[in-house]
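Summary of the model geometry
What follows is the residue order along each chain.
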Amino acid sequence: MVSKLTGSDLTCAILERGDKKEIWCAVSDESDQEAISDLHGNDFTAYIVKFQNGYFYCDGGMQWSYAVPIKIIPIKYTEAIYIEKTC
């Protein structure tokens, strides 16, 4: 049986395999769950470029204990409640 990797374990495996040079992640020093809960407003997201000595490192050089891969996609018009053209 193959176990499915999730959260920081998945980020680590992607980096180890070398598929991507950087991975967009929700980050935290507390836990995977905390990283995901801080996603509101993208305050705690980063491009993770390596895992070394027990820490994930972003392209800016900061270290994080947890890094959960995320996907950011543009919002669709049909998903918006109200849109007013301002530009």
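Parameters and conventions
- Residues numbered from 1 in each chain as written.
- Predicted model: local features only at pLDDT ≥ 70, side-chain atom pairs only at ≥ 80, totals over all residues.
- Heavy atoms only, no water.
- Helix = DSSP H or I, 4+ residues; strand = E, 2+ residues; numbered from the N terminus.
- Buried < 20%, exposed > 50% of the residue type's maximum accessible area, 1.4 Å probe, protein only.
- Contact = heavy atoms within 4.5 Å.
- Core = buried A, V, L, I, M, F, W, Y, C linked by side-chain atoms within 4.5 Å.

This part is about the overall build of the protein chain. The helix and strand inventory of the protein chain stands at two helices and five strands. Helices and strands appear in the protein chain in the N-to-C order α-β-α-β-β-β-β. Burial statistics for the protein chain: of 87 residues in total, 24% are counted as buried. Taking the contacts inside the protein chain whose residues are at least 6 apart along the sequence as the reference set, 53% of them involve residues at least 24 apart.

Now for the nonpolar core. Note that soluble globular proteins tend to have their nonpolar side chains buried in a common cluster. Grouped together as the largest cluster of nonpolar side chains are 11 residues: I14, L15, I23, C25, V27, A46, I48, F56, C58, W64 and A67. Among the elements of the structure, α1 (7–17), β1 (23–28), β2 (45–52) and β3 (55–58) are those that each provide at least two residues to this core. A per-element tally of this core places β1 first, with three residues. Setting aside residues no more than four positions away along its own chain, I48 makes contact with T11, L15, K21, E22, I23, C25, V27, F56, Y57, C58, W64 and A67.

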